[in-house]
Amino acid sequence: MKWLCFVAAAGLSGPLAAHPHSSVDQQVHLAVGTDHTEVTIRIIPAATEGDLTREVLDLDQDGELDSAEARVFQDTVLAALEISWNTQPITLVDPKISAAPLERLEAGQGQIEITATLSVTAAMETVHLTMTYDGPGADWLIQPYYFEDLRDGPLPRILRFEDSNRIELRSTH
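Quick caveat: nothing in here was measured; it's all calculated off a predicted structure.

*Asks:* Any chance you could explain the environment of Glu113 here in plain terms?
*Replies:* Of note, Glu113 is situated in strand E6 (residues 112-118). Spatially, the C-alpha atom of Glu113 lies 5.3 Å from that of Ser98, the residues being 15 residues apart in sequence. A distance of 2.5 Å separates the side chain of Glu113 from the side chain of Arg42, its partner in a polar contact.

*Asks:* Just checking my understanding: could you explain the sheet that holds strand E10 (residues 166-170) for this structure?
*Replies:* Sheet strands pair via backbone hydrogen bonds, and the direction of the pair is either parallel or antiparallel. Reading across the sheet, the five strands line up as E4-E3-E7-E10-E9 and stay open at both edges, with antiparallel pairing between neighbours. Pairing within the sheet leaves two strands with one partner each, and these edge strands are strand E4 (88-89) and strand E9 (157-160). Sheet topology places strand E3 (residues 81-85) next to strand E7 (residues 126-131); five bridges connect them, and they run antiparallel. Considered in E7, the bridge of Ser84 is made with His128.

*Asks:* Can you help me understand the pattern of salt bridges in this one?
*Replies:* Pairs may arise between side chains of opposite charge once their charged atoms sit close together. Going through the model one piece at a time under the given rule, you end up with five salt bridges. With its nearest N and O atoms 2.5 Å apart, the salt bridge here joins Glu113 to Arg42. One end of the pair, Glu113, is in strand E6; the other, Arg42, is in strand E2 (residues 37-44), with 71 residues separating them in the sequence. You can call Arg42 partly exposed: its relative accessible area is 26%. For Arg54, the salt bridge goes to Asp58, with nearest N and O atoms at 3.2 Å. Here the salt bridges share partners, and the residues they tie into one network are Arg54, Asp58 and Glu106.

*Asks:* Can you walk me through helix H2 (residues 50-57) in this structure?
*Replies:* The α-helix winds at 3.6 residues per turn, so residues separated by three or four positions along the chain end up facing the same way. Looking only at H2, the buried set comprises Gly50, Thr53 and Leu57. Angularly, the buried residues of H2 cover 60° about the axis, an arc narrow enough to put them on a single face. Across from the buried face of H2, at angles greater than 90 degrees, the exposed residues are Asp51 and Glu55. Elements that come into contact with the buried residues of H2 comprise helix H3 (67-79), helix H4 (102-106) and E6.

*Asks:* Would you mind showing me how to read H3 here?
*Replies:* Over its 13 residues, H3 extends 18 Å from the first C-alpha to the last, a length consistent with the 18 Å expected when each residue adds 1.5 Å. Of all the residues in H3, the buried ones are Glu69, Ala70, Phe73, Gln74, Val77 and Leu78. Along the axis of H3, the buried residues cluster in a sector spanning 165°; they form a single face. Residues of H3 that are buried sit in contact with E2, H2, E3, strand E5 (92-99), E6 and E7.

*Asks:* In this structure, what is going on with the confidence of the model for the protein chain? I would like to understand it.
*Replies:* Low pLDDT marks regions whose predicted coordinates should not be analysed in detail. Residues at a pLDDT of 70 or more form 87% of the protein chain, whose mean pLDDT is 85. The least confident element of the protein chain is helix H1 (residues 2-16), whose mean pLDDT is 39; the most confident is H3, at 97.

*Asks:* What am I meant to see in the packing of aromatic side chains here?
*Replies:* Aromatic ring pairs are defined here through the distance separating the ring centres and the angle between the ring planes. Per the stated rule, a full pass over the model turns up one aromatic pair. Note on Phe73 and Tyr133: the rings are 5.7 Å apart at their centroids and 90° apart in plane angle, and the pair reads as edge-to-face. Here Phe73, found in helix H3, pairs with Tyr133, found in the loop between E7 and strand E8 (141-146); they are 60 residues apart in sequence, far enough to count as distant. Like Tyr133, Phe73 is buried. Over the ring of Phe161 we find Arg166, and its NZ or CZ is 3.9 Å from the ring centre.

Conventions and cut-offs
Residue positions are counted from 1 within each chain, in the order its sequence is given. Side-chain atom pairs in this predicted model are given and counted only at pLDDT of 80 or more, local residue features only at pLDDT of at least 70, and totals for whole chains, interfaces and linings cover all residues. The side-chain values count all of the structure's non-hydrogen atoms but skip hydrogen atoms and water molecules. Secondary structure elements follow DSSP: runs of H or I of four or more residues count as helices, runs of E of two or more count as strands, with numbering from the N terminus. Polar contacts here mean pairs of N or O atoms no more than 3.5 Å apart (in protein, one a potential hydrogen donor and the other a potential acceptor; neighbouring residues in sequence count only if both atoms are side-chain atoms). By definition, two strands form a pair when at least two bridges between them are found by DSSP. By definition here, a salt bridge exists when the distance from a side-chain nitrogen of Lys or Arg to a carboxyl oxygen of Asp or Glu is within 4 Å. For every residue, the accessible area obtained with a 1.4 Å probe (protein chains only) is divided by the maximum for its type, and the residue is called buried under 20%, exposed over 50%, and partly exposed between those limits. By construction, the arc corresponds to the directions joining the helix axis to the C-beta atoms. Whether two residues touch is decided by their heavy atoms; if any such pair falls within 4.5 Å, the residues are in contact. By this rule the span expected of a helix is its residue count minus one, scaled by 1.5 Å. On a range of 0 to 100, pLDDT expresses the predictor's confidence in each residue. Stacked, tilted and edge-to-face are the three classes assigned to paired rings of Phe, Tyr and Trp, where Trp is represented by its six-membered ring and a pair needs centres within 6.5 Å; plane angles under 30 degrees give stacked, over 60 edge-to-face, the rest tilted. Put simply, a charge is over a ring when the Lys NZ or the Arg CZ is close to the ring centre, within 6 Å, and near the line of the ring normal, within 35 degrees.

Dropping the structure here:
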């Protein structure tokens, strides 16, 4: 029973013991399946870049990140995301954004998350993703994930590039 209490306490301590990020953390997660694909973009601003975070997000400079400003940011980031499926550009469906309050983002203690599904109808041969957004930072971690239905056969080969802002998946069939 003590072990269970320790595990529960450890799980709760993460959010309560959050520390400011000293550098911008930017990630693109691409989840691929045979007929369903999703993208998640996470940005955790740096505490040292609080002024830049406010400048980029708080367009009317009222100290709040309202829904209109969040959508502008979402649209700006998504405009810098290029995804092709078998060399054809992909349409993002139903994008959504969630963000911590502006004061937490400025302090490097919150994140912005943008999610969308991708409209795909053909079997995957290649997927190419490039992220060129460089507002709070220029470097991105782009990580592919596979839905269960894609794991039945050989997994796609991952090609990474030196600039870290692009990735390609190639079917091994």
